[in-house]
Amino acid sequence: MAAGRMILRVLKGIWGVLDVIVDLLVLAFAAILVLFLVSASVNRPQVPASAALVLNPQGDLVEQYSGDPVQRAVDRMLGRDVRPQTRMRDVLAAIREAETDPRIKAMLIDSRHMAPAALSKLQTIGDAIHEFKSTGKPVFAVLDAPGQSQYYLASMADKVFLNPHGTVAITGFGVYREYFKDAIDKLAIDWNVFRVGKYKSYVEPFTRNSMSKPAAEADKALLDVLWGSYQKNVAAARGLKPGAVASYVNDMPKNLAAVDGDSAKLAMEAGLVDKLATHDQVASAVAAVAGVGPGGDGFNQIGFRDYLVATGELNRKSASANEVAVIVAEGDILAGNQPPGTIGGESLSRLIRNARNNGNVKAVVLRVDSPGGSAFASQLILRQVQLTKAAGKPVIVSMGSVAASGGYWISMAADRIYAHPTTITGSIGILGMFPTFQDSLAKLGIHNDGIGTTKLSGDFRPTRAMSPEAKKIFQLTINHGYDRFVGMVAKTRHLSIDRVQEIAQGRVWSGKDAKRLGLIDEFGGLKDAIKAAAQLAGIANGYTVHYVEQPLSFMDRLLRGLSQQARGLAGPLIEANSWTPAKQMFSRLHDLVSQVARFNDPRGVYAYCFCALSMER
C-alpha cells in the first residue's frame, strides 16, 4: 500500500509539472500571437508618396502555392530551403492596382531570381505590363545574366539595363530527355508498357534510347509555334526586325568574336538592351522619376508583395450575391485528396461541388494547368463539371501553360474553353506501365514461387513476370480507356469520332492549332474566361470573383502570417540563394524518378503528357 501511495504521489507530481508546462506553452503561444498582431500592425508596409513598383518574382510562377500550407509556413519561419514560388494572380493584381495609383510613378522589372517559366505565363504578365505602360508611367528593367525567361519579361520595359559584365543567354526552345532502355536492360527490369496513340511519347524514355520520329514530328511543330511567338513578342517590344532574335542566337560565335568576346556589348549592339549600367546607375535612373530613397541612397520603392499588403489587395475579399468562382487545377492529377500544387480526384471534385452548392456562385471558371495523370481521377473531376453544368451554372475552362491529356480530359465538357496560342494541349491518349523485377532479383539469388487458385493469382506483382493473360487484360483496359476518351471528346466538342481519331493518337498541340482543330473555343487568358463566365450567367453588370480553395484553419492562417513576417526579415536572402543551377538539375532528376512512383490510379491507367518544354535549353 505504501508503495502504491508513493507511486500515486509521483504520478500526481509528474501531472502537476506537465500541467505547468502546458500553461506555460499556452502563455507563450498567446505572447507570440500578441507580438505577431502588434508587429503586423506596426510594420505594415507603407506606400511612399512617390515610388517605383518593383516587380521581382521569385522562383516558379504558379497559379497557387503548392504543398501543405502549414509545412511551407513552418519551413519559411525556420529558414529552411523552400523552393520559392510566385503566384500569377499576385503579380497581376499589383500591376493592375498600380496603374491608377498616383503614388506609383514607375515600375522596375527585376526578374533576376525568377525561374524558367512557360511562355503563356510570361505573355500574360507582359500584357499587364503593356497596360501599365499605356498610362504613361515608365517601365525600367535591370538584368545581370538573364536566361530567356528572365529576358522576355525584361524586354517588355521601356528601358532595359544590363550589367556591363553580364550577358543575355537566349538559346531557343528544346525538348531533351534522358532515355533509360539500356540501363533498364542492364538492370534486368521487365518494364511492361501499354499505350494507345503513336504520339504518346511519355513511355519512350523507358522503352527507347532516343526520340521516335512521331514524337520528334509533334514536338518540332509545337516548338516552332512557341519559338516563333517568343521571337515575335520580343521583337515587337524592342522594335527589332523579324528574325533578329534568331540571328542573335544562331550567329553568336561570329558576332561575339567581332566584339572580342564582350557578350554585354553584343547584346546592346543587337538591340536587346538599351544601356550597360551597374546597379547604382540603374537606381539613379529610376530615382529621377520615382524620387531618391531614404538617406539620399537608391530610389523610393516598394516591392509588389509589400504593395499588395499595403493596399489591402492581398487579402481583399468582397461578398456578393453574384460570384464567379475560380477553381485552380494545377499539377499532376492523382487519385484521392491532394495538397495544392497537385490535383486530387476527390479534393478537386469537392471544390467544384462546393461551388455548385453555393447559392452566391453563378458561374465557375476552372483554371487548368496540368499535364494530366490518373484517368480515374480525371473522370471524377469531369463528372463534377458535367453536374455543375446540369445544375444551370456555366463552366468555363481557362487553360494555362499546359492542359494536356488528363488536363484536357477534365476540360473538354466545359461550356467554353479559353487558351493562349502558346498553351500546350491535346495529347488525347492513354498509357499504362507495370515494371517487374524478377530477373533483377534473380541476379541477387532471390526467387519468387508459390501457388494460387486462378490463372491470375500470381499476376500484378512486381516480383513476378506478367503472364500473357495479364498483359492482354492490361492492353484491353488501355484500349477501352482510349476509345472512351475519344468518344467523350467527340461528344463534348461536337466532332465526329473519325475526326477526333485523326487529331488524337496522343499528339500534343499548341493552342494555336487546337483552335483550328476545334479542341478549344477562344484565345484568351483567365481574365477573358471570367468575363465570359459572367456573361453566360447573366451577371455581367455586377459580380465579384471568388477563388474556391481548400479551407485553412485558424492555425494554418496564423502560421502563414507568421511566415510572411519572417520572410519580410530574411526572405530576400533566402530566396536569392535557394534556386541554384545545381539544385534545379537535382530537382529535375528527382521529379523524373519520383513521378511514376507516386502515380496512384486504381487501375494503373493514365492520361499523361510528357510536355514540359524547356524555356532555357
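From a predicted model like this one, the values you see are computed outputs, not experimental measurements.

For L456, the position within the fold is in the loop between α17 (438-443) and α18 (468-492). C-alpha separation for the pair L456 and M466, spaced 10 residues apart in sequence, amounts to 9.4 Å. Each residue touching L456, except ones within four places of it in the same chain, is listed here: E469, A470 and I473.

For strand β1 (residues 51-55), the buried fraction is high: 5 of the 5 residues fall into the buried class. Every second residue of β1 is oriented toward a common face, with A51, L53 and L55 on one face and A52 and V54 on the other, all of them buried. Pairing of β1 with strand β9 (residues 301-303), which is carried by 3 bridges, proceeds in the parallel orientation. Looking at the pairing, A52 lines up with Q301 of β9.

Another point: unusual backbone geometry. Negative phi characterises most residues that are not glycine, and trans characterises most peptide bonds. At S405, a position not held by glycine, the phi torsion is positive, near 55°. The exposure class assigned to S405 is buried, which follows from its relative accessible area of 0%. Here H494, not a glycine, exhibits a phi torsion of approximately 55°, which is positive. Relative to the helices and strands, H494 resides in the loop between α18 and α19 (497-503). Given the relative accessible area of 71%, H494 is considered exposed.

Here we take up the nonpolar core. Membership of the largest hydrophobic core comes to 63 residues, with the highest contact counts inside it found for I129, I170 and Y230. Of the residues forming this core, the biggest block, 7 residues, is contributed by helix α8 (residues 213-238). Listed in part, the 55 residues of the second largest apolar core include A325, I327, V361 and I520.

All told, the structure shown has 18 salt bridges when counted by the stated rule. One salt bridge in this structure joins E549 and R89, with 2.9 Å as the shortest N-O distance. With a gap of 460 residues between them, E549 in the loop between β21 (544-547) and α22 (554-577) and R89 in helix α3 (residues 88-99) connect regions that are remote in the sequence. With a closest N to O distance of 3.2 Å, D144 and R112 form a salt bridge. Here the residue D144 occupies a position in the loop between β5 (139-143) and α5 (148-155), and R112 occupies one in the loop between β4 (104-110) and α4 (119-133), the gap between them amounting to 32 residues. Residue R112 is classed as partly exposed on the basis of its relative accessible area of 26%. By sharing partners, the salt bridges in this structure join D110, R112 and D144 into a single network.

Rules of the game
Residues numbered from 1 in each chain as written. Predicted model: local features only at pLDDT ≥ 70, side-chain atom pairs only at ≥ 80, totals over all residues. Heavy atoms only, no water. Helix = DSSP H or I, 4+ residues; strand = E, 2+ residues; numbered from the N terminus. Contact = heavy atoms within 4.5 Å. Buried < 20%, exposed > 50% of the residue type's maximum accessible area, 1.4 Å probe, protein only. Pairing = 2+ DSSP bridges. Core = buried A, V, L, I, M, F, W, Y, C linked by side-chain atoms within 4.5 Å. Salt bridge = Lys/Arg side-chain N within 4 Å of Asp/Glu carboxyl O.

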